[in-house]
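A closer look at the structure
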Amino acid sequence: MLQIGKEKYRAKQIFRWLHLQKATDFDQMTDISAQTRDILKEKFCINSLKIQKRLVSAADNTVKYLYVLPDGNKVETVLMEYRHGNSICLSTQVGCKMGCKFCASTKAGFVRDLTPSEILLQIYETERDSGRSVDSIVLMGIGEPLDNFGSVTKFLSLISDKNGRNMSLRHVSLSTCGLVDKINELAELDLGLTLSVSLHAPTDEKRSEIMPINRKYGVADLIKACKDYFDRTGRRISFEFALIKGVNDDPQTAKELITLLKPLGVCHVNLIPVNEIREGDYRKSSSVSAFQQLLTRSGINATVRRTLGADIEAACGQLRRDNI
């Protein structure tokens, strides 16, 4: 504002219009003079996302959006309804480089990182369209959040800014496949968010087979980074574990997982019946309950993720894959 010859306090007004009122046009900013609005329109733009597809689950009111970005690329966003409120699953990249064999997001290839505003706009556009307010955020859609570290941390700064949405980052969960160097960097920021680690196997041999990132950052290094994160932040780690029939759902794998996680003390295991995708051979396990019981009997907190939006293929990557 100072650079265009306007008062400093106007910056806070504009910020509030963008992040509290979710303004889509400068003319909506009625406490700013028409002359100043004309200057803003001349020098700046307010980005937006376009809805290409909207799928609504008949089973549980989950809504899946396929958004078109300003450059024509597409990402997915999922709005989920829980007893505690509405949660939104955001994408952080167009495609993904990580190559996890069970995930549809990586099948269409990686294109680019999302900007902070493109991550943020998924919330604002979804709230505008659905009429529902978002209470919590999971960075678990298309892309690896820690591979887009700068944009993701800037997004977190914006969504938690006291002059805007002022959302506590304790209501944010960030999912990573295990970029150890970035986990360490995130720990240093001590943002208060929940770190959710996609583990899916307790040994290097098995994990490297389904998650190529493990060839760079092995299980031992990943677990050490998780322990350091907890020691630094005091925030419990959540481990995602997709159970795949005949791959990682047997009692021996459960015992290996217990041995791996027991020394951590405070952690949570979120068991997920794997999402079956057309390009893959992996099938859902029928041993989810038995696997959970083995973990809980050993003193590890393990829950089974509630499946939402199954009738609309709400797992990340499936809708984009079919529309590019």
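Up top you'll find the structure we're talking about.
Residues numbered from 1 in each chain as written. Predicted model: local features only at pLDDT ≥ 70, side-chain atom pairs only at ≥ 80, totals over all residues. Heavy atoms only, no water.

**Some words on unusual backbone geometry**
A negative phi angle is the norm for most residues apart from glycine, just as the trans form is the norm for most peptide bonds. For aspartate 190, which is not glycine, the phi torsion reads 50 degrees and is therefore positive. Inspection of the secondary structure puts aspartate 190 in the loop between α5 (180–189) and β9 (194–198). Backbone geometry at histidine 200 places phi at a positive 70 degrees, although glycine is not the residue there. Within the secondary structure, histidine 200 is located in the loop between β9 and α6 (204–210). Residue classification places histidine 200 among the buried residues on the basis of a relative accessible area of 3%. (Helix = DSSP H or I, 4+ residues; strand = E, 2+ residues; numbered from the N terminus. Buried < 20%, exposed > 50% of the residue type's maximum accessible area, 1.4 Å probe, protein only.)

**Notes on the side chain of arginine 10**
Positionally, arginine 10 belongs in helix α1 (residues 10–19). Not counting residues up to four positions away in its chain, the partners in contact with arginine 10 are Met1, Asp31 and Ile32. (Contact = heavy atoms within 4.5 Å.)

**Section: the nonpolar core**
Generally speaking, nonpolar side chains in soluble globular proteins are found buried as a group. Ranked by size, the top nonpolar core spans 81 residues in total, and within it Ile137, Leu139, Phe155, Phe239 and Leu261 carry the most contacts. In this structure, isoleucine 137 is in contact with Ser87, Ile88, Leu90, Ile123, Phe155, Ile159, Met167, His171, Val172 and Ser173, ignoring residues within four places of it in sequence. Listed in part, the 7 residues of the second largest apolar core include Ile14, Trp17, Phe26 and Met29. (Core = buried A, V, L, I, M, F, W, Y, C linked by side-chain atoms within 4.5 Å.)

**Brief notes about helix α7 (residues 219–233)**
Helical geometry: 3.6 residues make up each α-helical turn, so side chains three or four residues apart lie on a common side. With 15 residues, α7 extends 21 Å from end C-alpha to end C-alpha; this agrees with the ideal 21 Å at 1.5 Å per step. Taken together, the buried residues of α7 touch α5, β9, α6, β10 (237–243) and α8 (251–261). Just beyond α7, the residue with positive phi is glycine 234, at close to 75 degrees. (Expected span 1.5 Å × (residues − 1).)

**Focus: the pairing of strand β2 (residues 63–68)**
Summarising burial for β2: 6 of the 6 residues are buried, a large majority. Residue alternation in β2 divides its side chains into two sets, Val63, Tyr65 and Tyr67 and Lys64, Leu66 and Val68, and both sets are buried. Pairing of strand β1 (residues 50–56) with β2, which is carried by 6 bridges, proceeds in the antiparallel orientation. Residue pairing for β2: valine 56 is matched across the bridge by valine 63. Between the end of β1 and the start of β2, which pair antiparallel, lie 6 residues, with asparagine 61 showing a positive phi angle near 70 degrees. Pairing analysis gives 6 bridges linking β2 to strand β3 (residues 74–82), with the strands arranged antiparallel. Bridge pairing links valine 68 to lysine 74 in β3. Between β2 and β3, which pair antiparallel in sequence order, lie 5 residues; one of them, glycine 72, sits at a positive phi of approximately 95 degrees. (Pairing = 2+ DSSP bridges.)

Fair warning: the whole summary comes from geometry, so function is off the table for now.
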